[in-house]
Amino acid sequence: MRSGFRKKWDNINLKAESVYRKYEYRKKAKLRLKRMNGGFNCSKEYEEIVVPFWKRYGLKPSKMWYQIYSDREKKVDPRYIPDDLWYGVIVPYFSNTQFRRFGEDKCMHDIFFKELTRPETIIKNIAGVFYDTDMNVISMEQAVKNCLDYPEEFLIKPSIDSGEGRLISFFEREKRDKEIIIAVMQSLKANYIAQEAVKQHPALSELNPSSLNTIRIVSFFFEGKVHILSSILRMGASGHKVDNIGAGGFACPIQKDGHLTEWGVNRKAEWVSENQHGIRFVDVQVPSYEKIVGIVKKQHQKLAHFKLVGWDFSVSEEGEPVFIEYNVCPGSNQITCGPTFGELTEQVLDEVFVKQTLKYAQN
């Protein structure tokens, strides 16, 4: 158990981060609402449905969240979790953010998830120390040579605190330069990984061949069971290497049978039925989706410190699920998939605001 001083100090840091996250996501919501021309007009439903629902927990969420969330179906559901509450209260309650940076370290994936198919690792840098694929300590010179000798396209990316394609550098087989590789390593300074560029399944490549299009599943380890809260397929924009919406891509919900729904969303918060290549979302079957769900349910049981996890998978050319990474502070996927906790919502809110059986989980 932590000392009293350590616990108080940690609580101060957590509170400061919570306040910052609430501020940032409220600001983002206001900008999104402007792009949506005010979203769904739900003043009456907000007062009659939303306010009474949250009153029992001593809360009154801003109406703007329901203007945003209700815009797709033009129907108000009080079970939507506002983003400021999600990131500021819900995620910190269920997941130990003190362990986040170590828990998400991509250099540890082959240790935590040995049995999963992952992109081949060329070299790692952990806290300034270089390792080869077998965790042997090597020099920077050897690390650079391993990258130069790798026979296929590869990438170098941060192993901690990455996201949305941030700071990823790609190196094609025929176009790589020693000085550029060194410059990338020096710019990242420490905590990064070099891996093969995954060759994805034809069904995913067809959606956009320039990006690795990934399956994002948010799972919830609650009362001894792993629940799948939501699943989306993220597709990149033409010519882009990354698949996030911010770079012009699309996100579309995945149904239980692996088919996409009819509508996906783009960076302008517009609901569209096809991507830039004219492929209708409703015609797409995500390969190996059931296998990926099975993997998530099994692997999440190992991660009791992180009860809310966002998993990213691709699928190889042969149809094998490929684990890319996981995020212990995931987005809620509510805009695409509806209320995060669905039928579990009241049970979850009772746990967070009333029962608090996990009160000492982070001692």
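The preceding data block contains the structure.
Thresholds, definitions, all that
Residues numbered from 1 in each chain as written. Predicted model: local features only at pLDDT ≥ 70, side-chain atom pairs only at ≥ 80, totals over all residues. Heavy atoms only, no water. Helix = DSSP H or I, 4+ residues; strand = E, 2+ residues; numbered from the N terminus. Rg over C-alpha atoms; globule rule 2.2 N^0.38 Å. Contact = heavy atoms within 4.5 Å. Areas by Shrake-Rupley, 256 points an atom, 1.4 Å probe, with all protein chains shown as cover. Core = buried A, V, L, I, M, F, W, Y, C linked by side-chain atoms within 4.5 Å. Buried < 20%, exposed > 50% of the residue type's maximum accessible area, 1.4 Å probe, protein only. Salt bridge = Lys/Arg side-chain N within 4 Å of Asp/Glu carboxyl O. Axes fitted to C-alpha atoms, helices over the stretch in contact; angles between N-to-C directions. Parallel < 35°, antiparallel > 145°, perpendicular 65-115°, else oblique. Phe/Tyr/Trp six-rings, centres within 6.5 Å; stacked < 30°, edge-to-face > 60°. Left-handed = near helix turned anticlockwise from the far one by under 90°. Patch = residues over 30% accessible without salt bridge, like charges linked within 9 Å, V, L, I, M, F, W, Y side chains within 5 Å.

Student: So what exactly am I meant to see when it comes to the overall build of the protein chain here?
Tutor: The secondary structure content of the protein chain amounts to 12 helices and 13 strands. Here the C-alpha radius of gyration of the protein chain, 21 Å, is about what a compact globule of 363 residues would show, namely 21 Å. Taking contacts inside the protein chain between residues at least 6 apart in sequence as the whole, the part at least 24 apart equals 63%. Here the protein chain displays about 17900 Å² of accessible surface, and carbon together with sulfur accounts for 51% of that area.

Student: Help me understand the nonpolar core in this model?
Tutor: When a protein is soluble and globular, its nonpolar side chains tend to lie buried together. Trp54, Ile90, Phe94, Phe220, Leu308 and Phe341 are the most contacted members of the largest nonpolar core, which totals 39 residues. If you list the elements that add at least two residues to this core, you get helix H1 (4-35), helix H2 (43-55), helix H3 (63-69), helix H4 (83-94), strand S7 (214-222) and helix H12 (345-355).

Student: Can you help me understand the pattern of salt bridges in this one?
Tutor: Two side chains carrying opposite charge are able to pair once their charged atoms lie near each other. Following the criterion strictly, the structure yields 20 salt bridges and no others. Linking glutamate 346 and arginine 56 is a salt bridge whose minimum nitrogen-to-oxygen distance equals 2.8 Å. Taken as a pair, glutamate 346 in helix H12 and arginine 56 in the loop between H2 and H3 lie far apart in primary sequence, 290 residues in all. For glutamate 346, a relative accessible area of 38% corresponds to the partly exposed category.

Student: Would you mind going over the environment of glutamate 45 with me for this structure?
Tutor: By the element assignment, glutamate 45 lies in helix H2. For glutamate 45, a relative accessible area of 27% gives the class partly exposed. Taking the C-alpha atoms as reference, glutamate 45 lies 29 Å from tyrosine 93; in sequence the two are 48 residues apart. In this structure, glutamate 45 is in contact with Phe40, Val50 and Val76, ignoring residues within four places of it in sequence.

Student: Honestly, the packing of H4 against H12 in this entry has me stumped. Any pointers?
Tutor: Each pair of packed helices can be described by the angle between their axes along with the distance between the axes. Two elements in contact, H4 and H12, have axes whose closest approach is 11 Å; the angle formed by their N-to-C orientations is 80 degrees. Taken as axis vectors, H4 and H12 run roughly perpendicular relative to one another. Here Leu85, Val89, Ile90, Tyr93 and Phe94 of H4 come into contact with H12, specifically with Val348, Leu349, Glu351, Val352 and Phe353.

Student: Which parts of the structure should I look at to understand the packing of aromatic side chains?
Tutor: One pair of aromatic rings is described through two measures. These are the centre distance and the angle between the planes. Applying the stated rule across the entire model yields 28 aromatic pairs. Aromatic pair tyrosine 66 and tyrosine 69: ring centres 6.3 Å apart, planes at 90 degrees, arrangement edge-to-face. In this pair, tyrosine 66 and tyrosine 69 are both assigned in helix H3, three residues apart and thus about one turn of the helix distant. The pair formed by tyrosine 66 and tyrosine 69 is uniform in burial state, with each residue classed as buried. Judged by centre distance (5.8 Å) and plane angle (45 degrees), the ring pair of tryptophan 86 and phenylalanine 341 falls under tilted.

Student: Can you walk me through the packing of helix H7 (residues 140-149) against helix H8 (residues 178-188) in this structure?
Tutor: Two numbers describe how H7 lies on H8: the axes approach to 10 Å, and their chain directions differ by 125 degrees. It follows that H7 is oblique to H8 by the angle criterion. Judged by the sense of rotation from one axis to the other, the crossing of H7 with H8 is right-handed. Along the contact surface, H7 presents Met140, Ala143, Val144, Cys147 and Leu148, while H8 presents Lys178, Ile181, Ile182, Met185 and Gln186.

Student: Help me understand a nonpolar patch on the surface in this model?
Tutor: A surface patch of nonpolar side chains, about 370 Å² in accessible area, is lined by Phe5, Trp9 and Ile12. The class of tryptophan 9 is partly exposed, set by a relative accessible area of 43%.

Student: Looking at this structure, how should I read the environment of leucine 31?
Tutor: Looking at the element boundaries, leucine 31 is found in helix H1. When the C-alpha atoms of leucine 31 and asparagine 208 are compared, they prove to be 28 Å apart, with 177 residues separating the residues in sequence.

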